[in-house]
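Residue-level listing of the chains:
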Amino acid sequence: MFDRLKLIEKQYEEIQEKVISGTLEVKEMTELLKESAGIQETVELYRLYKEKETELKDLKEMIELEDDDDLILMANKEIDKLEAFLEKSEEKLKILLLPTDPNDGKNVIVEIKGAAGGDEGNIFAGDLFRMYSKYAESQNWKIEILNTMEGSMGGYTSIEFMITGKLVYSMLKYESGTHRVQRVPETESQGRIHTSTATVVVMPEAEEVEIDISWNDIRFDTFNSSGPGGQSVNTTKSAVRLTHVPTNIAVSCQEGKSQHENKAKAFILLKTRIYDRILGEQAAKEDEKRHQLIGRGDRSEKIRTYNYPQNRVSDHRIGLTLQRLDAIIEGRLDLILEPLLNEFQKRQLTGELE
């Protein structure tokens, strides 16, 4: 491990020298700064580890030569603190050295759709959107709605939105899949518990350097914006539909105030969907072991159940059950995400996930 840390520190120092040389093009400078930021935390912790390790060595040597009992007692207390710090730091360094997803630092586009359960599924899709919105707010992330199809009884038949901020994909990448809700709908007169579902798809935003899409391959259509039930909202064709002919991927956007704004948002969504398909095809070729914890993110894969009568949320991938539904649905998603990420890291460290 420490051999790797030495190499990373050397790499970090070489990057810093290049950055301050003043001879780099803007693109190369940007790439190096991004690479530097990706290893900065590891290097800083490693340097602090070495500093504390030296302090520990010096204290132990001092005790060997010291005959003052009070000084020896104080030194031993400090040694205990330093040893605890080094042990804790070593575990953190192991985690920092784990392979990272190149998409972890990216913004995401999320699609939520009401699935089984009709109106109740749509209402639940709205509840999930609210949950993610509140969690995003707690993380100082920003949300921009790209496209919506409202349900006739509330919620959304479909909603697509972008979340921008620090390490968004790293926190939300395991949310893709089927989310199931068990509760008594407001429309249920007999008080019976119904089971409904909504699907969530989390896609990393595609960057220009990763995917090049020509407008010559895109069919551009306009239509009138529509509201719940499909009724026309306005008489101008400001809503936009883009179809990428080679892949037959189509997206729509009607949230903007103008056709130009909707076209720009739709293009971001289209690029992300094409990139997501490319990633999906790559993942399908990977070893099955990589999907034992996080699953494949398929829409058909049930990942979590929200049981309202019991105030319970269960994540089926790691066997986690919490009686904190009221808090989680209000945005305390960290109660689930942190154990999920910890389990993933633990399995990586033990070699269960390669």
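Reading the values: rules and limits
Residues numbered from 1 in each chain as written. Predicted model: local features only at pLDDT ≥ 70, side-chain atom pairs only at ≥ 80, totals over all residues. Heavy atoms only, no water. Phe/Tyr/Trp six-rings, centres within 6.5 Å; stacked < 30°, edge-to-face > 60°. Helix = DSSP H or I, 4+ residues; strand = E, 2+ residues; numbered from the N terminus. Buried < 20%, exposed > 50% of the residue type's maximum accessible area, 1.4 Å probe, protein only. Lys NZ or Arg CZ within 6 Å of the ring centre and 35° of its normal. Pairing = 2+ DSSP bridges. Axes fitted to C-alpha atoms, helices over the stretch in contact; angles between N-to-C directions. Patch = residues over 30% accessible without salt bridge, like charges linked within 9 Å, V, L, I, M, F, W, Y side chains within 5 Å. Areas by Shrake-Rupley, 256 points an atom, 1.4 Å probe, with all protein chains shown as cover. Salt bridge = Lys/Arg side-chain N within 4 Å of Asp/Glu carboxyl O. Lys, Arg positive; Asp, Glu negative; His and termini not counted. Charge placed at Lys NZ, Arg CZ, Asp CG, Glu CD.

Enquirer: Just give me the short version of the packing of aromatic side chains, but keep the residues and values in it.
Expert: Inspection of every chain in the model, using the stated rule, returns 5 aromatic pairs. Here Tyr135 and Trp141 contribute two aromatic rings whose centre-to-centre distance is 5.5 Å and whose plane-to-plane angle is 85 degrees, an arrangement assigned as edge-to-face. Ring geometry for Trp215 and Phe267: centres 4.8 Å apart, planes at 20 degrees, overall stacked. With a gap of 52 residues between them, Trp215 in the loop between β5 (194–204) and β6 (218–223) and Phe267 in helix α6 (residues 259–284) connect regions that are remote in the sequence. Trp215 gets classed as partly exposed once you look at its relative accessible area, which sits at 38%. Ring pairing ties together the aromatic residues Phe129, Tyr156 and Phe161, which thus form one cluster. Of note, Arg183 hangs over the ring of Tyr308, and the distance from its end group to the ring centre comes to 4.7 Å. Of note, Lys263 hangs over the ring of Trp215, and the distance from its end group to the ring centre comes to 4.8 Å.

Enquirer: Lay out the sheet that holds strand β7 (residues 239–244) with the relevant residues and their values.
Expert: Sheet architecture is open: 3 strands sit in the order β6-β7-β8, paired in antiparallel fashion. The sheet terminates laterally at β6 and β8 (249–253), the two strands that pair on one side only. With strand direction ignored, the average angle separating the axes of adjacent strands in the sheet is 15 degrees.

Enquirer: Give a description of a negative patch on the surface that names residues and reports values.
Expert: On the surface, Glu25, Glu28, Glu31 and Glu35 cluster together to form a negatively charged patch. The partly exposed category is assigned to Glu28, whose relative accessible area is 38%.

Enquirer: Quick rundown of the sheet that holds strand β9 (residues 302–307)? Include the residues and the values.
Expert: Strand order in the open sheet made by the 8 strands is β2-β3-β1-β5-β4-β9-β10-β11, with mixed pairing throughout. Of all strands in the sheet, those bounded by a partner on one side alone are β2 (142–150) and β11 (320–322). Strand-to-strand twist of the sheet, defined as the mean angle between neighbouring strand axes without regard to direction, takes the value 15 degrees. Looking at chain direction, strand β1 (residues 108–114) and β5 are connected through 7 bridges and run antiparallel. Counterpart to Ile109 in the pairing with β5 is Met203.

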